[in-house]
Amino acid sequence: MRQTEDHALALQQLYEGFRDPKTLQALAEQITERAQYLSRPLRIMEACGGHTHTVMKYGLKSLLPELIEFIHGPGCPVCIMPKERIDQAIALAQMENTILLTLGDMIRVPGSKTSLAKVSAQGHDVRALYTPMDAIQIAQQHPDKQVVFFAIGFETTTPMTAVVLQQAQQLGLTNLFFHINHVLVPPAVSALLEDDDCRIEALIGPSHVSVIAGAKIYQPLVDSYGLPIVVSGFEPVDVMQSLLMIVEQVLANQPRLQIQYSRAVNWEGNVKAQQLMEQFLQPRATFRWRGLGDIPFSALQLRPEFAQWDAEQVFAHHLSNEALDDHKMCICGDILRGIAQPKDCAVFGRGCDPQRPLGSCMVSSEGACHAYYRYANVPKIPGRSQGAVK
Amino acid sequence: MCLSVPSKVVEIQAGEMATVETMGVRRQVSLALMPETVELGDYVLIHVGFAMNKIDEADALQSLALYQEMIALMDAPHASN
Ligand code: SF4
């Protein structure tokens, strides 16, 4: 194997270069200069929770002219998970002799009565994985148990589930099952754009969804809705440069699809990952998104030939499909649709916070409510005027 | 959970596995999704324990150079016309 240490680029530059304050300032100046020519406010949706996080963490709003508004879209797979699916995960975890596996913050999201974290505290075996690959090892270590992987995520995380299923199949594992909740970005954005209340005028395209699926998945959105779209990296400089590109598109009145994140994204994406997804998964007729309702063909399920691994089929008698409403104070749905901001919620920071989340947008660090809570100086004393939150 | 980190490949193992380094931290990742051959020293994006793709170094350098130009322009006294 060849040892290639002669890098022109240091790993550190991949981080620091794209977070550099001077670059941010230079971009902010250019955006401010160009935004003078905008005839009205420009509302830009970032359809990826990672971008919401970046916008809040680096205080990008304070660098930008007021005419540029952010709408935080449905881009966090935890935030859009409807309660009935969480209840299904809980029902699976409560089955006898079962280990329930999932990723990240999913464990803390409240279902209709409880959460995975709480049933875990009651003695059920629930584990958050660092990588879906660990599901294989856990299933091998516990041949006497049924191991269920509650799989979540957008296009980014779907091929990983496919690899795990492929391995399970090759190893002949009969005690590993998959509850598939993989969702797709373009149908959700389409559903938002079809909505009469829709206020989106441009889209910052997700970073890592696009690494896998390719920038091509957004072209139909440009064609159908004349929406300017720039696929952006997740660092603050990436987001600012993407905003500049969007402003230029709007000023030129030429909506199109551009890739800012060209160091990682191309038009076709990762074809090997796409083939794996297609081999094991197919579109689901419909999927209910928290706050957005039923969206046709917006999620995936296992292909019928893999029914023996499909937890929804194998354990169907344990699972209810009844649609459940959100907490009545929670306006996550409106936030995900871009018609409300976290500060519009009556219980934001006063009854709902990351320690005791009422809604899904407060659970995940990529959720809009969580990002606002963490990075804006929101007064926690009722009645005080709003701090830096705009 | 959609965040991914740029990392450097420091060791390649059998069974489509590799060790990568991310700002001083080393960990093992799967190469099962890589569409192309991975070599030592490559920069890759890691997501939930999998390398997703290679980062195009030339492209990254080009962006960084562009930003330096922008900063130079910003710092320069504004041209008179
Ligand atoms: S603050 Fe809590 S209750 Fe309010 S919208 Fe956000 S997640 Fe829902």
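Residues numbered from 1 in each chain as written. Chains lettered and ligands numbered in written order. Predicted model: local features only at pLDDT ≥ 70, side-chain atom pairs only at ≥ 80, totals over all residues. Heavy atoms only, no water.

Undergrad: Kindly report on the sheet that holds strand S1 (residues 42-46) of chain A, identifying the contributing residues and their values.
TA: Residue and element names in this part refer to chain A. Pairing within the open sheet is parallel, and its five strands lie in the order S2-S1-S7-S8-S9. One side of each edge strand has no neighbouring strand; the edge strands of this open sheet are strand S2 (68-72) and strand S9 (257-259). On average, each strand axis in the sheet is inclined to that of its neighbour by 25°, with strand direction left out of account. Summarising the sheet, S1 and strand S7 (residues 202-205) pair through three bridges and their orientation is parallel. Bridge pairing in S7 places Glu46 opposite Ile204. (Pairing = 2+ DSSP bridges. Helix = DSSP H or I, 4+ residues; strand = E, 2+ residues; numbered from the N terminus. Axes fitted to C-alpha atoms, helices over the stretch in contact; angles between N-to-C directions.)

Undergrad: I'd like a rundown of the nonpolar core, residues and numbers included.
TA: The biggest cluster of nonpolar side chains holds 155 residues, and the ones touching the most others in it are Leu116(A), Leu176(A), Phe178(A), Tyr218(A), Met240(A), Leu243(A) and Trp289(A). In contact with Met240(A), not counting residues within four places along its chain, are Leu24(A), Leu27(A), Ala28(A), Ile31(A), Leu60(A), Leu63(A) and Leu64(A). Membership of the second largest hydrophobic core comes to eleven residues, among which are Leu31(B), Met34(B), Val38(B) and Ile46(B). (Core = buried A, V, L, I, M, F, W, Y, C linked by side-chain atoms within 4.5 Å. Buried < 20%, exposed > 50% of the residue type's maximum accessible area, 1.4 Å probe, protein only. Contact = heavy atoms within 4.5 Å.)

Undergrad: A description of the sheet that holds strand S5 (residues 146-153) of chain A should follow, citing residues and the corresponding values.
TA: Residues and elements named next belong to chain A. Across the sheet, which stays open at both edges, the four strands sit in the order S4-S3-S5-S6 with parallel pairing between neighbours. For this open sheet the edge positions go to strand S4 (125-129) and strand S6 (176-182), each flanked by a neighbour on one side alone. Neighbour-to-neighbour, the strand axes of the sheet open up by a mean angle of 20°, direction not taken into account. Pairing between S5 and S6: seven bridges, direction parallel. Residue pairing across strands places Val148 opposite Phe177, the latter belonging to S6. Sheet strands touched by helix H5 (residues 83-93): strand S3 (98-103), S4, S5 and S6. Its angle to S6, the strand with the most contacts, is close to 170°. Helix H8 (residues 158-171) rests against S5 and S6 of the sheet, and its axis sits at about 165° to S6.

Undergrad: A description of the interface of chain A and chain B should follow, citing residues and the corresponding values.
TA: Counting residues at the interface gives 55 residues for chain A and 46 residues for chain B. Linking chain A to chain B there are two salt bridges. Between Lys272(A) and Glu16(B) there is a salt bridge, and its shortest N-O distance comes to 3.9 Å. At the surface where chain A touches chain B, the tally comes to 16 residue pairs in polar contact (both at pLDDT 80 or more). Taken together, the residues that form the side of chain A that touches chain B break down as 27 nonpolar, 19 polar and nine charged. (Salt bridge = Lys/Arg side-chain N within 4 Å of Asp/Glu carboxyl O. Polar contact = N/O pair within 3.5 Å; in protein donor to acceptor, adjacent residues only side chain to side chain. Nonpolar A, V, L, I, M, F, W, Y, C, P; charged D, E, K, R; others polar.)

Undergrad: Would you mind going over the pattern of salt bridges in detail, with residue names and values included?
TA: Under the defined criterion, the tally for this structure stands at 17 salt bridges over all chains. Across the pair Asp75(B) and Lys22(A) runs a salt bridge whose closest N-O atoms are separated by 2.8 Å. Within this pair, whereas Asp75(B) is found in helix H1 (residues 57-75), its partner Lys22(A) is found in helix H2 (residues 21-35), the two belonging to separate chains. With a shortest N-O distance of 3.1 Å, Arg356(A) and Asp353(A) are connected by a salt bridge. Taken together, the shared-partner salt bridges connect Arg40(A), Arg43(A) and Glu201(A) into one network.

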